[in-house]
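Summary of the model geometry
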Amino acid sequence: MAAQAAATTFNGNLKKALAGLRRIDLECLRWRVFDAKGQVLGRLASQISTVIQGKDKPTYAPNRDDGDMCIVINAKDVCVTGRKLTDKVYYWHTGYIGHLKERTLKDQMAKDPTEVIRKAVLRMLPRNKLRDDRDRKLRIFADGEHPFGDRPLEPYVMPPRNVREMRPRARRALIRAQKKAEEQEQGGSQRKGRKREAKTEIAA
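Not measured: the values here are computed from a predicted model.

**Considerations on the packing of helix H3 (residues 41-53) against helix H6 (residues 113-122)**
Helix packing for two helices is described by the angle between their axes and how far apart those axes are. Close contact between H3 and H6 brings their axes to 8 Å; oriented N to C, the two are set at 60°. Here H6 runs oblique to H3, going by the angle between their axes. Of the two possible hands of crossing, H3 and H6 adopt the one that is right-handed. Across the interface between the two elements, Leu 41, Leu 44, Ala 45, Ile 48, Ser 49 and Ile 52 of H3 pack against Val 116, Ile 117, Ala 120 and Val 121 of H6. The class makeup of the residues in the contact of H3 with H6 is nine nonpolar, one polar and no charged.

**Examining the sheet that holds strand S6 (residues 153-155)**
Strands sit in the order S5-S2-S1-S6 across an open sheet of four strands; the sheet is parallel. This sheet does not close on itself; its edge strands, each paired only once, are strand S5 (138-140) and S6. Direction aside, neighbouring strands of the sheet carry axes that sit 25° apart on average. One ladder, built from three bridges, connects strand S1 (residues 31-35) with S6; its direction is parallel. By the bridge assignment for S6, Arg 32 is matched with Glu 154. Together, S1, strand S2 (69-73) and S5 form the strand contacts of H3, whose direction differs from that of S1 by roughly 175°. Across the sheet, H6 lies against S2 and S5, angled at about 155° from S5, the strand it touches most.

**Digging into the pairing of strand S4 (residues 100-104)**
As judged from the five bridges shared by strand S3 (residues 89-93) and S4, these two strands associate in the antiparallel manner. Across the sheet, Tyr 91 pairs through a bridge with Glu 102, a residue of S4. Linking S3 to S4, which pair antiparallel, is a turn of six residues; within it Gly 95 sits at a positive phi near 105°.

**Brief notes about the pattern of salt bridges**
Within this structure, the stated rule accounts for 10 salt bridges. Arg 30 is paired through a salt bridge with Glu 154; the nearest N and O atoms lie 2.7 Å apart. With Arg 30 in the loop between helix H2 (14-17) and S1 and Glu 154 in strand S6, the pair connects residues that are 124 residues apart, well separated along the chain. Of the charged contacts, one joins Arg 118 and Asp 135 as a salt bridge, the two residues approaching to 2.9 Å between their closest N and O atoms. Taken together, the residues Arg 118 in helix H6 and Asp 135 in helix H7 (residues 131-136) connect sequence positions 17 residues apart. Given a relative accessible area of 19%, Arg 118 falls into the buried group.

**Description of the side chain of Arg 136**
Its place among the elements puts Arg 136 in helix H7. Within the structure, the side chain of Arg 136 is placed 2.6 Å from the side chain of Asp 133, a separation counted as a polar contact. The contact partners of Arg 136, leaving out residues within four places of it in the chain, are Gly 20, Arg 23, Ile 24 and Met 69.

**Considerations on the nonpolar core**
Residues Phe 34, Leu 44, Ile 48, Val 72, Ile 117 and Leu 138 are the most contacted members of the largest nonpolar core, which totals 25 residues. Where this core is concerned, the elements lending two or more residues are H3, S2, helix H5 (105-111), H6 and S5. In terms of residue count, H3 provides more of this core than any other element does, six residues in total. With residues up to four places along the chain from it excluded, the contact list for Val 72 reads Phe 34, Ala 36, Ile 48, Ile 117, Leu 138, Arg 139, Ile 140 and Phe 141. Judged by nonpolar contacts, the second largest core, of 12 residues, contains Phe 10, Ala 17, Ile 24 and Phe 141.

**A closer look at H6**
Most of H6 is tucked away: eight of the 10 residues are buried. Along its buried surface, H6 packs onto H3, S2, S3, H5, H7 and S5.

Calculation rules
- Residues numbered from 1 in each chain as written.
- Predicted model: local features only at pLDDT ≥ 70, side-chain atom pairs only at ≥ 80, totals over all residues.
- Heavy atoms only, no water.
- Axes fitted to C-alpha atoms, helices over the stretch in contact; angles between N-to-C directions.
- Helix = DSSP H or I, 4+ residues; strand = E, 2+ residues; numbered from the N terminus.
- Parallel < 35°, antiparallel > 145°, perpendicular 65-115°, else oblique.
- Left-handed = near helix turned anticlockwise from the far one by under 90°.
- Contact = heavy atoms within 4.5 Å.
- Nonpolar A, V, L, I, M, F, W, Y, C, P; charged D, E, K, R; others polar.
- Pairing = 2+ DSSP bridges.
- Salt bridge = Lys/Arg side-chain N within 4 Å of Asp/Glu carboxyl O.
- Buried < 20%, exposed > 50% of the residue type's maximum accessible area, 1.4 Å probe, protein only.
- Polar contact = N/O pair within 3.5 Å; in protein donor to acceptor, adjacent residues only side chain to side chain.
- Core = buried A, V, L, I, M, F, W, Y, C linked by side-chain atoms within 4.5 Å.

Structural data, given as structure tokens:
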């Protein structure tokens, strides 16, 4: 009943969301929820790939599929650094001569943001026979809704980012820019004062 209620409240493609669950042994699996809102794409994908492979468990073995179920929500709000929205390009070939297709990350986010995270995670997984089984454990949703509300969900806490200190050259450039801005402001105020004095003299 709870599963049916959760499925009825979900407004997305339910058939696609539940596809392949019967082929997964769900016993003793944890349901980890990743909130992609405001997260950097590569850092999020690396954490998901670690959980899917089971590398966060002491029982990890490369020949066994001991990973947990991963549910990613708010995929449309994922972030990228630099100019990757326009510079990163996805390529694929239709099989016909000269039919090499391409699509930028910005266009892919507008078309299907879930595929962006899926490709990032799958390209971090080893290319072996366990790849398809691990792909089935990954469920990505563009919004914050998903049909697995009846499961024992565990929100995954992303590790804090270690922000590197500013390099000396960049720090010096920032200080110079701040000083220049202050000098321009002071110069502008002095010019305004001179104009006012000149106006008062003319009026007198």
